[in-house]
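Single-letter residue listing:
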Amino acid sequence: LKGWRYLTFAVAIPSLFAVLFRLVFHLQSPRYLLASGRFQEARKVLSQMARMNNKNLNDFLPEDVNFQELVIIEAQTNHGLWQTAKDFGIIFKSPYLKRTVLISIVYVLEGMSAYGATLFLPNYLSKLDVNPYFTTFFGYLGQIPGILLMSIIVEWQHVGRLNTLRFYTALTVAF
C-alpha cells in the first residue's frame with residue numbers, strides 16, 4: 001500500500017464489515033420502535049426476542065395490549081422506561097459520580113492510546129526500515145475477527161453488553 005489515502009481506505013474496511021454484519025443480524029430496539037409509534041414492529045421484535053430465549057411472548061404480554069395507551073401513560077407519569085432529559089444529570093451526583101468519572105477517564109485513555117498508536121507506530125516502524133503502511137494495514141485487518149466476535153458475543157443473553165465490554169477492555173490492556 002502506497003500513500004495515506006489508500007491506507008485510510010484499507011483500515012476502514014473492518015468497520016464496514018462490522019456495520020454490514022450489524023445491519024443483517026441486529027434487531028431494532030423495541031423501546032425505540034414504541035417511542036416512534038411503530039407498535040406492530042415492536043411486538044414482532046419482542047416476539048423474536050422471546051423465541052431466542054425459548055419463551056412465549058404471550059405469557060408476558062397479552063395479545064390485546066394497546067401499546068399506544070402504554071406510551072401515553074408512560075409519558076404522562078414521566079418515569080419508567082422513558083426517562084426525561086433532566087434525569088441524565090443523576091450520573092453526576094452521588095453515588096454515581098465516582099463511577100462516571102472513572103468510566104470517563106478509561107474511555108479517554110483508551111481513545112488516546114488507540115490514536116497514539118495509529119500516529120506513533122508508523123513513524124517508529126519507518127525508523128526500523130519496515131513499511132509502516134503494510135504493518136498498519138495488517139494491524140487493522142486483524143481487527144475484523146475481533147469486531148465480528150464482539151458483535152456476536154454482545155447479543156448472547158448470558159454474556160451481555162457489560163461483560164463483553166469488560167472482556168474486550170481486558171484484552172486491550174493485555175495486548
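Values in this document were obtained by computation on a predicted structure and should not be read as measured data. (Residues numbered from 1 in each chain as written. Predicted model: local features only at pLDDT ≥ 70, side-chain atom pairs only at ≥ 80, totals over all residues. Heavy atoms only, no water.)

### Description of the nonpolar core
If you look at soluble globular proteins, the nonpolar side chains tend to sit buried side by side.
In step 1: Grouped together as the largest cluster of nonpolar side chains are nine residues: L33, L34, F39, A42, V45, A50, L57, L61 and F67.
In step 2: Those elements that provide at least two residues to this core are helix 2 (30–35) and helix 3 (39–52).
In step 3: In terms of residue count, helix 3 provides more of this core than any other element does, four residues in total.
In step 4: Residues within four places of A50 in sequence aside, it is in contact with K55, N56 and L57. (Core = buried A, V, L, I, M, F, W, Y, C linked by side-chain atoms within 4.5 Å. Buried < 20%, exposed > 50% of the residue type's maximum accessible area, 1.4 Å probe, protein only. Helix = DSSP H or I, 4+ residues; strand = E, 2+ residues; numbered from the N terminus. Contact = heavy atoms within 4.5 Å.)

### What to know about helix 6 (residues 97–127)
Residues that lie three or four places apart on an α-helix share one face, since the helix turns once every 3.6 residues.
In step 1: Here helix 6 is 31 residues long and its end C-alpha atoms lie 44 Å apart, about the 45 Å a rise of 1.5 Å per residue gives.
In step 2: Its axis deflected by about 30° at F120, helix 6 carries its strongest bend there, up to four residues before the proline P122.
In step 3: Where helix 6 terminates, the next one or two residues include D129, which has phi positive at roughly 60°. (Expected span 1.5 Å × (residues − 1). Bend = angle between axes of the 7 residues up to and from the residue.)

### Some points on the pattern of salt bridges
In step 1: Enumeration according to the criterion identifies one salt bridge in this entry.
In step 2: With a closest N to O distance of 2.9 Å, E41 and R38 form a salt bridge.
In step 3: Judged by its relative accessible area of 39%, E41 falls in the partly exposed class. (Salt bridge = Lys/Arg side-chain N within 4 Å of Asp/Glu carboxyl O.)

Structural measurements only, silent on function.
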